[in-house]
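Per-entry structural report
So the chains spell out like this:
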Amino acid sequence: MRLPMPSAAASAAVAVTAAVAAALAVLPAPALAAETPAASSFTIADPRIKESSGLAASRIHPGVYWTHNDSDDGPYIYAVDSASGKTVARVTLTGIGKPRDVEAISLGPDGQLYVGDIGDNRNGTWDHVWIYRFPEPKQLGDVTVEAAQFTVKYADGARNAEALMVHPVTGRVYIASKDENKGGLYEGPAELTAGGTNVFRRVAAVPWVTDGAFSPDGTRLTLRGYFTARTYPWKDGLPVGEGERVDAPWQGQAESVTYTPDGSTLMFGAEGEGSRVIAVPVAGAGASASASPQPGAPAGAAPASQPTGSFGKGALVLAGGLILVLGAKRLLRRRRP
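About the criteria used
Residues numbered from 1 in each chain as written. Predicted model: local features only at pLDDT ≥ 70, side-chain atom pairs only at ≥ 80, totals over all residues. Heavy atoms only, no water. pLDDT = per-residue confidence, 0-100. Contact = heavy atoms within 4.5 Å. Helix = DSSP H or I, 4+ residues; strand = E, 2+ residues; numbered from the N terminus. Pairing = 2+ DSSP bridges. Buried < 20%, exposed > 50% of the residue type's maximum accessible area, 1.4 Å probe, protein only. 1 Å grid on protein atoms, 1.4 Å probe; cavity = no way out; pocket = protein on both sides within 12 Å on 5 of 7 lines; lining within 4 Å. Points joined across faces, edges and corners; volume = space filled by probe spheres on them. Nonpolar A, V, L, I, M, F, W, Y, C, P; charged D, E, K, R; others polar.

Attention now moves to the confidence of the model for the protein. Averaged over the protein, the pLDDT score is 80; the fraction of residues at 70 or greater is 73%. Counting contacts from residues 1-36, a segment whose pLDDT is below 50, to residues more than four positions away or on other chains yields 27 contacts. Here residues 287-337 is a poorly scored stretch, pLDDT under 50, and it has 44 contacts once near neighbours within four places are set aside; other chains count.

Written out as structure tokens, the structure reads:
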């Protein structure tokens, strides 16, 4: 049987369908989903890490977190791959004294890791503590590096502390003391000096704190304790208000927290062999995280622009297809009896 010849309207409809299909084919998948996969929880597999007491997310090694033991381990810093939980580097620090009570680690905008030997379980009997600083290794593997050592004292007397945070824009170092009744946030000098004493001055009251971290854009400060965590807006060098409660997991000896490099997730850690690092998404961080200025950029710097060329082309093609659809509908209406 001979099929009838298609009408002009039917031919137009077929052409429109093909155009729309082509337009949909060139539209790209969301780039962020492919480029920055969501962070996930992991377990620290290294039996040498029995008292993980601090966390810092690497910026040059995706998915890698720096940590250390609380005490009685030596001058060692470990890099753990979150994909496997395995240690991929152990850094041995030289040029420093014997670590006493290492409690915190933070990555500064200068690309250096700051290690806080700031614990004092004798409730402030040590009149000084130390900070060690060394460049984050560009290659992962066991290595020995020389670190700078900074002597720290508090303007209002010695105290116990477990949280050290380096602001990702200004580079200023902060320490939060651990005290149930009179915890304080202490601000260090604009630049640390290895040739003398660095005096940290109290700038705000804080609750019982075991660790803390700035968001990558420097606009928020998250502080955690054994039972709770709160995030404070950060403005003019100070936390603002009472902060917002964060759904921190129950971890027993809860000791550490850090942001992922994109600011979308908080990673909470704890002491103990085979300890679990738990990922908690930051509420409302999807758009703001991708639009944050890069670490080390001046405050108020414009966020990096996102590539829009391929999306724009696809949108134009799709719009053209829709115009053709409307035109075909009008043509069909005119040909109806």
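There is more to say after this.
Turning next to unusual backbone geometry. It is generally the case that most residues other than glycine have a negative phi and that most peptide bonds are trans. We note that D236 has phi near 55°; this positive angle belongs to a residue other than glycine. The residue D236 is located in the loop between β17 (229-235) and β18 (238-239) in this model.

Across five bridges, the pairing between strand β8 (residues 129-135) and strand β10 (residues 148-154) is antiparallel. Pairing of W130 across the sheet is with T151, part of β10.

This next bit is on the sheet that holds strand β21 (residues 265-270). Pairing within the open sheet is antiparallel, and its four strands lie in the order β1-β22-β21-β20. Each edge of the open sheet is held by one strand with a lone partner, namely β1 (42-43) and β20 (254-259). Summarising the sheet, β1 and strand β22 (residues 276-281) pair through two bridges and their orientation is antiparallel. Note on β22: the bridge partner recorded for F42 is V277.

Attention now goes to the environment of G284. Inspection of the secondary structure puts G284 in the loop between β22 and α3 (285-290). Residue classification places G284 among the exposed residues on the basis of a relative accessible area of 71%. Spatially, the C-alpha atoms of G284 and S264 are 8.4 Å apart, while their sequence positions differ by 20 residues.

Here we come to empty space enclosed by the protein. A complete count under the given rule lists two cavities of 30 Å³ or more for this structure. If you add up the space inside the largest cavity, you get close to 270 Å³. Along the walls of the largest cavity sit 22 residues, with R59, L107, F214, T258 and Y259 positioned nearest its centre. Those elements that provide at least two residues to the lining of the largest cavity are β2 (56-57), β6 (104-107), β11 (161-166), β15 (211-214) and β20. Broken down by class, the residue content of the lining of the largest cavity amounts to 16 nonpolar, five polar and one charged.

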